[in-house]
Amino acid sequence: QYDHQFYALKELPNRQAEREYRLLRTVNDRGLPVVAAVALVNERGGPDPVLITRHLHYALPFRLLFRERPDIDVAAALIESIATLLARLHTAGFYWGDCSLSNALFRRDELHLSAYALDTETGELHDQMTAGQRQTDIDVAIVNVAGGLADLAAAGELPDSVDPFEVAPQLGTAYADTRV
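Summary of the structure given here.

Each value, and the rule that gives it
Residues numbered from 1 in each chain as written. Predicted model: local features only at pLDDT ≥ 70, side-chain atom pairs only at ≥ 80, totals over all residues. Heavy atoms only, no water. Helix = DSSP H or I, 4+ residues; strand = E, 2+ residues; numbered from the N terminus. Rg over C-alpha atoms; globule rule 2.2 N^0.38 Å. Buried < 20%, exposed > 50% of the residue type's maximum accessible area, 1.4 Å probe, protein only. Areas by Shrake-Rupley, 256 points an atom, 1.4 Å probe, with all protein chains shown as cover. Lys, Arg positive; Asp, Glu negative; His and termini not counted. Charge placed at Lys NZ, Arg CZ, Asp CG, Glu CD. Core = buried A, V, L, I, M, F, W, Y, C linked by side-chain atoms within 4.5 Å. Salt bridge = Lys/Arg side-chain N within 4 Å of Asp/Glu carboxyl O. Pairing = 2+ DSSP bridges. Axes fitted to C-alpha atoms, helices over the stretch in contact; angles between N-to-C directions. Parallel < 35°, antiparallel > 145°, perpendicular 65-115°, else oblique. Left-handed = near helix turned anticlockwise from the far one by under 90°. Contact = heavy atoms within 4.5 Å. Nonpolar A, V, L, I, M, F, W, Y, C, P; charged D, E, K, R; others polar.

### Quick word on the overall build of the protein
Right, on to step 1. Counting its secondary structure elements, the protein contains six helices and eight strands.
Right, on to step 2. When the helices and strands of the protein are read in sequence order from the N terminus, they spell out β-α-β-β-β-α-α-β-β-β-β-α-α-α.
Right, on to step 3. The C-alpha radius of gyration computed for the protein amounts to 17 Å, which stays within 12% of the reference 16 Å derived for 180 residues, consistent with globular compactness.
Right, on to step 4. C-alpha extents for the protein along the principal axes are approximately 50 × 40 × 30 Å.
Right, on to step 5. The proportion of buried residues among the 180 residues of the protein is 42%.
Right, on to step 6. Within the structure as shown, the protein displays about 9700 Å² of accessible surface, and the carbon and sulfur contribution to it stands at 48%.
Right, on to step 7. Averaged over its 16 positive side-chain charges, the protein has a centre that lies 6 Å from the centre of its 26 negative ones.

Pasting the structure below:
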């Protein structure tokens, strides 16, 4: 916390840190739903720089959503919000490359969730994305979302009615139905 604002600090190798900082600044300037990169601290005495991002107020990691709202279909809301996030990023020419529930934060408004990208070090910015790039990003997301939900299931935090390997593929359909 500094000056009544919270920040997240992420240490990573210099080349990755600089790349992610530039990507976040660019996509943030374009108004896309990503965390705001504030600074990159290179000379701090440690071997690797630190990327500083502004904490996203009222945003939660996916694990907390299942604990706080057992009365709604959280899995369906997560799928819809991730699909919408990917569609918005893709429309702007941003290939994420590592979309997962853990690499996103979620803001809720009653029954609706909005997703925001966190970790973008694998991202690429293009003038326009190809169908193959879009599909690859969706395929990666499906595998990662299934893995995140399976982790919750293994920890006993996922409702028994949610099968990670049935829910995750719905991301492709939700993406196709999304109009950005």
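### Description of the nonpolar core
Right, on to step 1. Judged by nonpolar contacts, the single largest core of 54 residues is most densely connected at Leu78, Ile82, Trp96 and Phe106.
Right, on to step 2. When residues in this core are grouped by element, the largest group, eleven residues, is from helix α3 (residues 74–91).

### Describing the pattern of salt bridges
Right, on to step 1. On inspection of all chains with the given rule, the structure shows four salt bridges.
Right, on to step 2. With its nearest N and O atoms 2.9 Å apart, the salt bridge here joins Lys10 to Asp119. Here Lys10, found in strand β1 (residues 7–11), pairs with Asp119, found in the loop between β7 (112–117) and β8 (124–125); they are 109 residues apart in sequence, far enough to count as distant.
Right, on to step 3. On the basis of relative accessible area, Asp119 is assigned to the partly exposed category, the value being 22%.
Right, on to step 4. With a closest N to O distance of 2.9 Å, Glu157 and Arg67 form a salt bridge. Of this pair, Glu157 sits in the loop between α4 (131–154) and α5 (164–167) while Arg67 is found in helix α2 (residues 62–68), placing the two residues 90 residues apart along the sequence.
Right, on to step 5. The exposure class of Glu157 is partly exposed, given its relative accessible area of 26%.
Right, on to step 6. By relative accessible area, which is 49% here, Arg67 ends up partly exposed.

### A short note on the sheet that holds β1
Right, on to step 1. One open sheet accounts for three strands, arranged β1-β3-β2; its pairing is antiparallel. For this open sheet the edge positions go to β1 and β2 (37–41), each flanked by a neighbour on one side alone. Each strand of the sheet is rotated relative to its neighbour by a mean of 20 degrees, with strand direction disregarded.
Right, on to step 2. Here four bridges tie β2 to strand β3 (residues 50–54), and the two strands are oriented antiparallel to one another. Following the sheet pairing, Ala39 is matched in β3 by Ile52.

### Some words on the packing of α3 against helix α6 (residues 170–177)
Right, on to step 1. At a closest axis distance of 8 Å, the pairing of α3 and α6 adopts a crossing angle of 50 degrees. Classified by the interaxial angle, the pair formed by α3 and α6 is oblique. Here the hand of the crossing between α3 and α6 comes out right-handed. Facing Ile79, Glu80, Ile82, Ala83, Leu86, Ala87 and His90 of α3, the residues of α6 in contact are Gln170, Leu171, Ala174 and Tyr175.
Right, on to step 2. Its residues assigned to classes, the contact of α3 with α6 shows eight nonpolar, two polar and one charged.

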